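Each chain, letter by letter, is given below.
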Amino acid sequence: MDKTVATIIAECLKDSHETLEKTMDGVTNEVAHWQPQGKALPISAAYAHVVISEDVLLSSMVKKTPPLLAGEWGKKLGLSLPHPEMDAKWEENFSKWSKEVKMDLPKFQEYAKAVYKESEDFISSLTDTDLTEKKADLSSFQMGEWPLLKFILRLLISHVDSLTGEISAAKGLQGLKGYPF
């Protein structure tokens, strides 16, 4: 059977998720909460941000459904503080949050698995026409509408890959192996 572009894109997102999780191997609570110098994120904040962003952005801007976070998962994330809203005070609030948030890593990883499944299943269900004709509404970020394909590539897959790199670097600064390869 020939694969559709949507199926290939879903496989790419799955690969990004798997690389992120393999990069997280060996991360303990101490490693996760270590604060690097400067403005770099602790692993806990980078990991929480990338997973929560995927859940919220795909739900609100594409599917027009409540994120998993809004349901039962919101009560069992294992985070000491809620992720800041992506609004006008985002930079200030996120910077403060990233230094203060504490994570129960095993609890949060269960939520991450649910987010990954939701995203991968949704993208696998799309047609190639959906990818080019359906739009993601980014007007709340003053970015207008994007074709769904661009949204998935730039704001999902690219975001996971970028934050995986930050996590890998933070592990390296602590004398640990970052990427799994």
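It should be emphasised that the depicted structure is a prediction, and the values quoted were computed from it without experimental measurement.

**Some words on the packing of aromatic side chains**
When we look at a pair of aromatic rings, we describe it by the centre distance and by the angle of the planes. By the definition in use, this model includes six aromatic pairs. Summarising the aromatic geometry, the rings of Trp73 and Tyr111 are spaced 6.0 Å apart at their centres and angled 55° between planes, so their arrangement reads as tilted. Note that Trp73 is positioned in the loop between helix H3 (43-63) and helix H4 (90-100) and Tyr111 in helix H5 (residues 105-124), a separation of 38 residues in sequence. For the pair Trp73 and Tyr111, one class covers both residues: buried. Among the aromatic residues, those joined into a ring-pair cluster are Tyr47, Trp73, Phe108 and Tyr111. Positioned over the ring face of Trp73 is Lys76, at 4.4 Å from the centre of the ring. The aromatic ring of Trp146 is capped on one face by Lys150, whose charged end is 4.2 Å from the ring centroid.

**Some points on the pattern of salt bridges**
Counted according to the given criterion, the structure contains seven salt bridges. Notably, a salt bridge pairs Glu11 with Lys3, separated by 2.6 Å at the nearest N-O pair. One salt bridge connects Glu110 with Lys113, and the closest N-O pair in it is separated by 3.2 Å. In this pair, Glu110 and Lys113 are both assigned in helix H5, three residues apart and thus about one turn of the helix distant.

**A short note on helix H1 (residues 5-24)**
Here H1 is 20 residues long and its end C-alpha atoms lie 29 Å apart, about the 28 Å a rise of 1.5 Å per residue gives. Every buried residue of H1 is accounted for by Ala6, Ile9, Ala10, Leu13, Ser16, His17, Leu20, Thr23 and Met24. Buried residues in H1, looked at end-on, bunch into an arc of 150°, giving them a common side. Two residues or fewer past H1, Gly26 is found with a positive phi of approximately 85°.

**Side note on the nonpolar core**
Ranked by internal contacts, the top residues of the largest apolar core, which has 51 residues, are Tyr47, Val51, Phe108, Phe151 and Ile152. Elements with a minimum of two residues in this core: H1, helix H2 (29-33), H3, H4, H5 and helix H7 (148-173). Take this core: its biggest share by element is twelve residues, from H3. In this view, Val51 contacts Phe108, Tyr111, Ala112, Val115 and Tyr116; residues no more than four positions away in its chain are not counted.

**A closer look at the side chain of His83**
Within the secondary structure layout, His83 lies in the loop between H3 and H4. For His83, a relative accessible area of 12% puts it in the buried group. Within the local environment of His83, its side chain forms a polar contact with the side chain of His49, the two groups lying 2.9 Å apart. When neighbours within four sequence positions are excluded, His83 is seen to be in contact with His49, Ile52, Trp90, Phe94 and Trp97.

What counts as what
Residues numbered from 1 in each chain as written. Predicted model: local features only at pLDDT ≥ 70, side-chain atom pairs only at ≥ 80, totals over all residues. Heavy atoms only, no water. Phe/Tyr/Trp six-rings, centres within 6.5 Å; stacked < 30°, edge-to-face > 60°. Helix = DSSP H or I, 4+ residues; strand = E, 2+ residues; numbered from the N terminus. Buried < 20%, exposed > 50% of the residue type's maximum accessible area, 1.4 Å probe, protein only. Lys NZ or Arg CZ within 6 Å of the ring centre and 35° of its normal. Salt bridge = Lys/Arg side-chain N within 4 Å of Asp/Glu carboxyl O. Expected span 1.5 Å × (residues − 1). Arc of directions from axis to C-beta. Core = buried A, V, L, I, M, F, W, Y, C linked by side-chain atoms within 4.5 Å. Contact = heavy atoms within 4.5 Å. Polar contact = N/O pair within 3.5 Å; in protein donor to acceptor, adjacent residues only side chain to side chain.

That is the geometry; function is a separate question.
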